[in-house]
Amino acid sequence: MKLQRKNRLRALSLGAVAVSGALALTACGSDDTGGDGGDGASQTAGASSIKCDDAKGQLLADGSSAQKNAMDAWVKQFTAACKGVQINYKGGGSGAGITAFTQGQVAFAGSDSALKPEEVTASKKICASGQGIDLPMVGGPIAVGFNVPGVDKLVLDAPTLAKIFDSKISSWDDKAIADLNPEAKLPKLKIQAFHRSDESGTTDNFTKYLKAAAPGDWKYEGGKAWEAKGGQAAPQSSGVAAQVKQTSGAIGYFELSYAKDGIKPITLDTGASAPVEATVENATKAIADAKVVGTGKDLALELNYTTKAEGAYPMILVTYEVVCDKGNKADTLPATKAFLTYMASEDGQNLLADIDYAPMPAEIITKVRETVAGLS
């Protein structure tokens, strides 16, 4: 089954290349540092093709928790092949990663949001004669997990989600929820909505979806920091998922791979003929008209959060690796280039399918490879 699923994901990814700017997306990883990043087979495949070049020493990185499992798998493969390199990816959240990058504390950062103009400006102080750029490496659907006793399937739409996370709907038997779930036995139970306490690209993309799909009900500007009133907070995606799992009446947002061990994801009513599940294939359909809007070597993407295409799941994110195009530190540049080269390689991308990620389509990843090769 795993091999069949992997081949299906590859077929979807390659199929998306025919559409300009298309991305193949799937679930993003967890914050757990103890995982092996997948099954044993995925940890040995392709290791012999890794080119270490002059990579050596310690490489520090921080940022997106969404890609943490992918990073763990990549690091395990790369450091097994390149014995002289140690890589520490903290996964403290996109906000922490960008801050660490613009302060010169890390060689690169992971972010689920492209750099803002002020962050690009700040990066120029660190990137001698250059600036920070966004390299899309992996992406996926944002799942909304729930824990409601007696309810195994739950349909919600953007306006209802906006009201829940803005404390405007406070009980699971609210009429708005009941109307979307006529067959469910909804309890009179207080809703416990959990959001991220740290600055997060997952929050940024989740609220961008709410703002785009429910503008009449979500009045906040958006960004990495949570703005809505009420609710409860937890650090990183793993913290939100843990709270949802252990709290009766809870709901929270995180990458799809966290919807496990009893956590169930909602099905999204997008206005299509049928509600849409948060799956790899459905995220791929939603992202088919993403556009590259970055200039120069920057490959930032513009996502479409309001698609109503059949089977398309539009609550999505892309994780970028943020790195200096020029002016990287001499002591970390060889390791940075070698590691990013491996991540973007065919072997590095193919490894993702076994750990609930999808490889970027050829159109995007080819540009990433070209840019990485030119880092200086």
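Residues numbered from 1 in each chain as written. Predicted model: local features only at pLDDT ≥ 70, side-chain atom pairs only at ≥ 80, totals over all residues. Heavy atoms only, no water.

Caption draft 1: Spotlight on the pairing of strand S3 (residues 108-111). Because side chains alternate across S3, one face comprises the buried residues Phe108 and Gly110, and the other comprises Ala109 and Ser111, equally buried. One ladder, built from three bridges, connects strand S1 (residues 57-63) with S3; its direction is parallel. Note on S3: the bridge partner recorded for Ala61 is Phe108. With three bridges joining them, S3 and strand S13 (residues 316-324) adopt antiparallel strand pairing. Bridge assignment links Gly110 to a residue of S13, and that residue is Glu321. (Buried < 20%, exposed > 50% of the residue type's maximum accessible area, 1.4 Å probe, protein only. Helix = DSSP H or I, 4+ residues; strand = E, 2+ residues; numbered from the N terminus. Pairing = 2+ DSSP bridges.)

Caption draft 2: The arrangement of the layout of surface pockets in detail. Size it by volume and the largest pocket reaches roughly 390 Å³. For the largest pocket, the lining is made up of 22 residues, of which Ser113, Ala114, Asp204, Lys208 and Tyr305 are closest to its centre. When contributions to the lining of the largest pocket are tallied by element, the ones reaching two or more residues are helix H8 (201-213), strand S12 (301-302) and S13. Sort the elements by how many residues they give to the lining of the largest pocket and H8 lands first, with five residues. Tallied by class, the residues present in the lining of the largest pocket amount to ten nonpolar, five polar and seven charged. (1 Å grid on protein atoms, 1.4 Å probe; cavity = no way out; pocket = protein on both sides within 12 Å on 5 of 7 lines; lining within 4 Å. Points joined across faces, edges and corners; volume = space filled by probe spheres on them. Nonpolar A, V, L, I, M, F, W, Y, C, P; charged D, E, K, R; others polar.)

Caption draft 3: Spotlight on the pattern of salt bridges. Applying the stated rule across the entire model yields eight salt bridges. Residues Asp72 and Lys68 are paired through a salt bridge, measuring 2.8 Å at the closest nitrogen-oxygen approach. Separated by four residues within a single helix, Asp72 and Lys68 lie in helix H3 (residues 68-81), roughly one turn from each other. Like Lys68, Asp72 is buried. Linking Asp204 and Lys208 is a salt bridge whose minimum nitrogen-to-oxygen distance equals 3.6 Å. Taken together, the positions of Asp204 and Lys208, both in helix H8 and four residues apart, correspond to about one turn of that helix. (Salt bridge = Lys/Arg side-chain N within 4 Å of Asp/Glu carboxyl O.)

Caption draft 4: Molecular detail of helix H13 (residues 362-373). Spanning twelve residues, H13 covers 16 Å between terminal C-alpha atoms, matching the ideal 16 Å at 1.5 Å per step. For H13, the full list of buried residues reads Ile364, Ile365, Val368, Thr371 and Val372. Each buried residue of H13 lies within a common arc of 120° when the element is viewed along its axis, so the set occupies one face. Facing away from the buried side of H13 by over 90 degrees, the exposed positions are Glu370 and Ala373. (Expected span 1.5 Å × (residues − 1). Arc of directions from axis to C-beta.)

Caption draft 5: Geometry of the side chain of Ser200. Here Ser200 lies in the loop between strand S6 (192-196) and H8. Those residues in contact with Ser200 that sit more than four places away from it in its chain are Ser94 and Lys224. (Contact = heavy atoms within 4.5 Å.)

Caption draft 6: A look at the confidence of the model for the protein. For the protein, mean pLDDT is 86; residues scoring 70 or higher make up 86% of the total. For the stretch residues 1-46, pLDDT sits under 50, and the model shows 135 contacts to residues farther than four places along the chain or on other chains. (pLDDT = per-residue confidence, 0-100.)

Caption draft 7: Region of interest: the state of the cysteines. Per the stated rule, a full pass over the model turns up two disulfides. Between the sulfur of Cys52 and that of Cys82 lies a disulfide, 2.0 Å long from S to S. Here Cys52 and Cys82 share a disulfide; its torsion about the S-S bond, -95°, makes the bridge left-handed. Taken together, the residues span a long stretch of sequence, with Cys52 in the loop between helix H2 (40-44) and S1 and Cys82 in the loop between H3 and strand S2 (85-89) at a distance of 30 residues. Here Cys52 falls in the partly exposed class, since its relative accessible area comes to 21%. For Cys82, a relative accessible area of 3% corresponds to the buried category. Across the disulfide from Cys127 sits Cys324; the S-S distance is 1.9 Å. Here the S-S torsion is close to -70°, and the disulfide linking Cys127 with Cys324 is therefore left-handed. Of this pair, Cys127 sits in the loop between helix H5 (117-123) and strand S4 (132-147) while Cys324 is found in strand S13, placing the two residues 197 residues apart along the sequence. Here Cys127 and Cys324 have matching classes, each one buried. Numbered by position along the chain, the disulfide-linked cysteines of the protein connect as 1-2, 3-4. (Disulfide = S-S within 2.5 Å.)

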